[in-house]
Amino acid sequence: MNGGAPTEAVYAAALFAGAAAWVVASGQNRGHRRAWGMFGPDGARSPVRETWEGGRGRLLEWSAERREWVCLPMGLVLAVCGASVLPVVLGVVAIPVVRRWLRGRRLRRDGERRADAVVDLCGAVVGELRAGAEPGRALLAAVRGVGAGDASWSGVFAAARFGGDIPGALGQAAREPGREGLVGVAACWRVAADGGAGLAAGLDRLESALRAERRGREELRAQLTGAWSTVVVLALLPVVGIALGTALGADPLRVLLHHPVGLACLVAGGALEALGLAWAARIVRAGEAP
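Residues numbered from 1 in each chain as written. Predicted model: local features only at pLDDT ≥ 70, side-chain atom pairs only at ≥ 80, totals over all residues. Heavy atoms only, no water.

(A) Local environment of the overall build of the chain. Tallying secondary structure elements over the chain gives 13 helices and zero strands in all. Across the chain, helices and strands are ordered from the amino to the carboxyl terminus as α-α-α-α-α-α-α-α-α-α-α-α-α. In the chain, buried positions account for 26% of the 290 residues. Long-range pairs, those at least 24 residues apart, make up 57% of the contacts in the chain between residues at least 6 apart in sequence. (Helix = DSSP H or I, 4+ residues; strand = E, 2+ residues; numbered from the N terminus. Buried < 20%, exposed > 50% of the residue type's maximum accessible area, 1.4 Å probe, protein only. Contact = heavy atoms within 4.5 Å.)

In structure tokens, the structure reads:
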């Protein structure tokens, strides 16, 4: 695999596979829309189109939930380029690590969406109350608008609809990450029910506080963008070095995968790379912490 047609063929195949995956994942260009028009007149539904869209939707959903498996084909490509089985082993080992990282990102995004939903709920309840709605019906309408299709709001929805313990249901829903603001909603509801205080005024102040907290979180994330960019650059530097060495004809993959000194450098460099990334990520996480 020292240059020449085989290496170029491998690179061309990898490039073709990546381009094909991009086309399947995007599906938003004009050529696709013109192709869809051939399956049914005037955008009408047809069995062929419905079957294709259903299969494509399931494929994209599976790929979104199993993105960590991309480590395996990457390892296979590197194994072919370096004529070694070690990249395949490393790709298999990397799958659970990447899965855990992706799961953490997904949980953080879900928590942020729940926090935004709490803010929207407060605003919707305040709007309904000021329009003259009774508190239970105001909460019911707000939950219908904010939590449509989300089964985790079922307890609050049932309590508002059937006259149950609304503060208790709100406190139960507040146990999910991101919905801690519902504790304040439950407190406002309990005070308004027990002492006759204005529920709309309390929820309005709570909404303002939650929106200010969200703005502060967004500003902090914007300020940490440079730090995250540094982490990404650190992660990509070894890849850039290997690509540069390959372009210069040094064949670094063969040196790293087939020579004792190269293997030692690979192990040491990988350990230092992982340590540096973990350290940098920890520093950034500490800055993101409230």
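(B) Structural context of helix α11 (residues 225-247). Between the first and last C-alpha of α11 there are 31 Å, a value that for 23 residues agrees with the 33 Å anticipated at 1.5 Å per step. A positive backbone phi angle near 85° is found at Gly-249, which sits one or two residues after α11. (Expected span 1.5 Å × (residues − 1).)

(C) Structural detail: the side chain of Ser-84. Here Ser-84 is to be found in the loop between α4 (71-82) and α5 (86-130). From its side chain, Ser-84 meets the backbone nitrogen of Leu-86 in a polar contact 3.2 Å long. Not counting residues up to four positions away in its chain, the partners in contact with Ser-84 are Ala-79, Leu-257 and His-258. (Polar contact = N/O pair within 3.5 Å; in protein donor to acceptor, adjacent residues only side chain to side chain.)

(D) Up close: a positive patch on the surface. Together, Arg-66, Arg-67, Arg-103, Arg-105, Arg-106, Arg-108 and Arg-109 line one region of the surface with positive charge. Its location among the elements puts Arg-106 in helix α5. What makes Arg-106 partly exposed here is its relative accessible area of 34%. (Patch = residues over 30% accessible without salt bridge, like charges linked within 9 Å, V, L, I, M, F, W, Y side chains within 5 Å. Areas by Shrake-Rupley, 256 points an atom, 1.4 Å probe, with all protein chains shown as cover. Salt bridge = Lys/Arg side-chain N within 4 Å of Asp/Glu carboxyl O. Lys, Arg positive; Asp, Glu negative; His and termini not counted. Charge placed at Lys NZ, Arg CZ, Asp CG, Glu CD.)

(E) Representation of the nonpolar core. The biggest cluster of nonpolar side chains holds 33 residues, and the ones touching the most others in it are Leu-121, Val-125, Leu-139, Val-156, Leu-182 and Leu-203. At the level of elements, α5, α6 (135-146), α7 (154-162), α8 (166-173), α9 (182-195) and α10 (199-223) are the ones that each hand at least two residues to this core. It is α5 that provides the largest number of residues to this core, a total of eight residues. Among residues more than four places away in sequence, those in contact with Leu-139 are Leu-121, Val-125, Val-156, Ala-160, Ile-166 and Trp-189. (Core = buried A, V, L, I, M, F, W, Y, C linked by side-chain atoms within 4.5 Å.)

(F) Spotlight on the pattern of salt bridges. Summed over all chains, the structure comprises nine salt bridges. Note that Asp-116 and Arg-214 form a salt bridge whose closest N and O atoms lie 3.1 Å from each other. Of the two residues, Asp-116 is situated in helix α5 and Arg-214 in helix α10; the sequence distance between them amounts to 98 residues. The exposure class assigned to Arg-214 is buried, which follows from its relative accessible area of 17%. The partner of Arg-179 in a salt bridge is Glu-176, with the nearest N and O atoms 3.6 Å apart. Here the residues in one salt-bridge network are Arg-114, Glu-176 and Arg-179, joined through shared partners.

(G) The packing of α4 against α5, seen in detail. At a minimum axis distance of 8 Å, the contact between α4 and α5 shows a crossing angle of 160°. Looking at the two axes, α4 sits roughly antiparallel to α5. Where α4 crosses over α5, the handedness of that crossing is right-handed. Contact residues: α4 offers Cys-71, Leu-72, Gly-75, Leu-76, Leu-78 and Ala-79, while α5 offers Pro-87, Val-88, Gly-91, Val-92, Ala-94, Ile-95 and Val-98. (Axes fitted to C-alpha atoms, helices over the stretch in contact; angles between N-to-C directions. Parallel < 35°, antiparallel > 145°, perpendicular 65-115°, else oblique. Left-handed = near helix turned anticlockwise from the far one by under 90°.)

(H) A look at α7. For α7, every residue scored as buried is listed here: Val-156, Ala-159 and Ala-160. Axial view of α7: buried residues confined to an arc of 95°, hence all on one face. If you follow the buried residues of α7, they end up packed against α6 and α8. At the C-terminal side of α7, Gly-163 shows a positive phi close to 70°. (Arc of directions from axis to C-beta.)

(I) The arrangement of the environment of Val-98 in detail. Note on placement: Val-98 falls in helix α5. By relative accessible area, which is 23% here, Val-98 ends up partly exposed. For the pair Val-98 and Arg-67, spaced 31 residues apart in sequence, the C-alpha separation works out to 8.6 Å. When residues no more than four places from it in sequence are discounted, the contact partners of Val-98 are Glu-68 and Cys-71.

(J) Structural detail: a nonpolar patch on the surface. The grouping of Val-232, Leu-236, Val-239 and Val-240 at the surface amounts to a nonpolar patch, some 350 Å² of accessible area in total. Relative to the elements of secondary structure, Val-240 occurs in helix α11.

(K) Main features of unusual backbone geometry. In the Ramachandran plot, Asp-251 falls in the positive-phi region, its phi being about 55° despite a non-glycine side chain. Residue position: Asp-251 is located in the loop between α11 and α12 (252-258).

(L) Expanded view of the state of the cysteines. This model, assessed by the stated rule, comprises zero disulfides. Cys-188 takes part in no disulfide bond, and the closest cysteine sulfur to it belongs to Cys-122, at a distance of 7.7 Å. (Disulfide = S-S within 2.5 Å.)

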